[in-house]
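# Structural features, examined
Spelled out, the chains give:
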Amino acid sequence: MEWTLEVITVPVTDLDRAKEFYADRCGFKVDTDAQIAEGVRIIQLTPPGSRCSIALIQGMPPAPGQTDMAPGSLQGLQLCVVDIEAARAELVQRGVDVGPVQHLGAEGWTAGRGETWNAFMLFKDPDGNGWTVQEAPSPLSER
């Protein structure tokens, strides 16, 4: 049996502001923007080339046994790219406040690229949800 991770809910305060950030600044594709009931709206967006989407939700009660996440509380979401410098340049050009390329070494986080799989950049959405972008040695289809 396959267990595919396909949608991650990202807690935000303003759906339209978050939609603009993810679609226009990050380049995510808007899959749907639907009001499914009075006061309940779901926006689903997918990063280019990804098989996993994010969902921005307003007005939906938490599922049984779960609690709401506060806007900005989701940290460590990770995207992978094959050219981190080009990806960074694209985000900067689109107006995203993204940190420099860095790697993790013996002294902690250090500026510049490391070895294979050890080049990262970080950014946050308007609510403070934290994203990491990691450079991969090849496209997912080739790994």
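Description of the structure in this document. Here the structure is a predicted model, which means the values were calculated and not measured. Every chain's residues receive numbers from 1 upward, in the order its sequence appears when written. pLDDT decides what is reported in this predicted model: residues at 70 or higher carry local features, side-chain atom pairs at 80 or more are listed and counted, and totals for whole chains, interfaces and linings draw on all residues regardless. Values reported for side chains reflect all heavy atoms of the structure, with hydrogen atoms and water molecules removed beforehand.

## Considering the overall build of the protein chain
Keep this limit in mind: Numbering of helices and strands runs from the N terminus, with a helix taken as a DSSP run of H or I at least four residues long and a strand as a DSSP run of E at least two residues long. Exposure categories follow from relative accessible area, calculated using a 1.4 Å probe and restricted to protein chains: below 20% of the type maximum is buried, above 50% is exposed, and the middle band is partly exposed. Whether two residues touch is decided by their heavy atoms; if any such pair falls within 4.5 Å, the residues are in contact.
Looking only at helices and strands, the protein chain has two helices and nine strands in total. Shown N-terminal to C-terminal, the secondary structure of the protein chain runs as helices and strands in the order β-α-β-β-β-β-α-β-β-β-β. By principal-axis analysis of the C-alpha atoms, the protein chain measures approximately 50 × 40 × 25 Å. Here the protein chain holds 143 residues, and 36% of them are scored as buried. Considering only contacts within the protein chain whose residues lie at least 6 apart along the sequence, 54% involve residues at least 24 apart.

## Describing the nonpolar core
The condition that has to hold: Residues belong to one nonpolar core when they are buried, are Ala, Val, Leu, Ile, Met, Phe, Trp, Tyr or Cys, and are joined through side-chain atoms within 4.5 Å.
Tyr22, Leu56 and Phe123 are the most contacted members of the largest nonpolar core, which has 27 residues in total. Residue assignment for this core shows that the elements contributing at least two residues are helix H1 (15-25), strand E3 (40-46), strand E4 (53-58), strand E5 (77-81), helix H2 (84-93), strand E8 (120-124) and strand E9 (130-135). Ranked by residue count, the leading element in this core is H1, at five residues. Those residues in contact with Tyr22 that sit more than four places away from it in its chain are Val10, Gly27, Phe28, Leu45, Ile54, Leu56, Asp125 and Trp131.

## Structural notes on the side chain of Asn129
To keep things clear, this is the line we draw: Here a polar contact means two N or O atoms within 3.5 Å. Within protein one must be a hydrogen donor candidate and the other an acceptor candidate, and residues neighboring in sequence count only if both atoms are side-chain atoms.
Residue placement: Asn129 occurs in the loop between E8 and E9. Among the polar contacts made by the side chain of Asn129, one reaches the main-chain amide nitrogen of Ser73 at a distance of 3.5 Å. With residues near it in sequence (within four places) discarded, Asn129 still touches Val10, Pro11, Val12, Gly72, Ser73, Leu74, Gln75, Phe123 and Lys124.

## Details of the sheet that holds E3
For clarity, the cut-off: Note on pairing: two strands pair once DSSP finds at least 2 bridges between them. Fitted lines through C-alpha atoms serve as axes, helices being fitted only where they are in contact, and the angles separating the N-to-C directions of these axes extend from 0 to 180 degrees.
Pairing is mixed across the open sheet formed by four strands, whose spatial order is E1-E4-E3-E2. Each of the sheet's edge strands pairs with one partner strand only, and the pair in question is strand E1 (7-9) and strand E2 (29-37). Across the sheet, the axes of successive neighbouring strands diverge by a mean angle of 25°, strand direction being ignored.

## Notes on the pairing of E3
E3 sits mainly inside the fold: six of its seven residues count as buried. The pairing of E2 with E3 spans seven bridges and is classified as antiparallel. Counted as the bridge partner of Val30 is Leu45 from E3. Counted between consecutive antiparallel strands, the loop separating E2 from E3 contains two residues, among which Gly39 sits at a positive phi close to 80°. Here E3 runs beside E4; their pairing, made up of five bridges, is antiparallel. Bridged to Gln44 within E4 is Ala55.

## Side note on the layout of surface pockets
Rules: Cavities and pockets were defined on a 1 Å grid built over protein atoms only: a cavity is a set of grid points that admits a 1.4 Å probe from which the probe cannot escape, a pocket is an open set flanked by protein on both sides within 12 Å along at least five of seven lines, and lining residues are those with an atom within 4 Å of any such point. Grid points are joined across faces, edges and corners, and a volume is the space filled by probe spheres set on the points. Throughout this entry, Asp, Glu, Lys and Arg are counted as charged residues, while Ala, Val, Leu, Ile, Met, Phe, Trp, Tyr, Cys and Pro are counted as nonpolar. The remaining residues, Gly among them, count as polar.
In this structure, the largest pocket encloses a volume near 910 Å³. Around the largest pocket, the lining is made up of 31 residues, and of these Pro47, Pro48, Ser50, Leu79 and Cys80 lie nearest the centre. Secondary structure elements with two or more residues in the lining of the largest pocket: E4, E5, H2, E8 and E9. No other element matches the five residues that E5 contributes to the lining of the largest pocket. Among the residues making up the lining of the largest pocket, the classes are represented as 21 nonpolar, five polar and five charged. Its boundaries defined by the atoms lining it, the second largest pocket holds a volume of some 430 Å³. Considering the residues around the second largest pocket, the lining is formed by 16 residues, among which Thr9, Ile57, Met60, Asp68 and Met69 are closest to the centre. The residue makeup of the lining of the second largest pocket, split by class, is 10 nonpolar, five polar and one charged.

What is shown is where atoms sit, not what they do.
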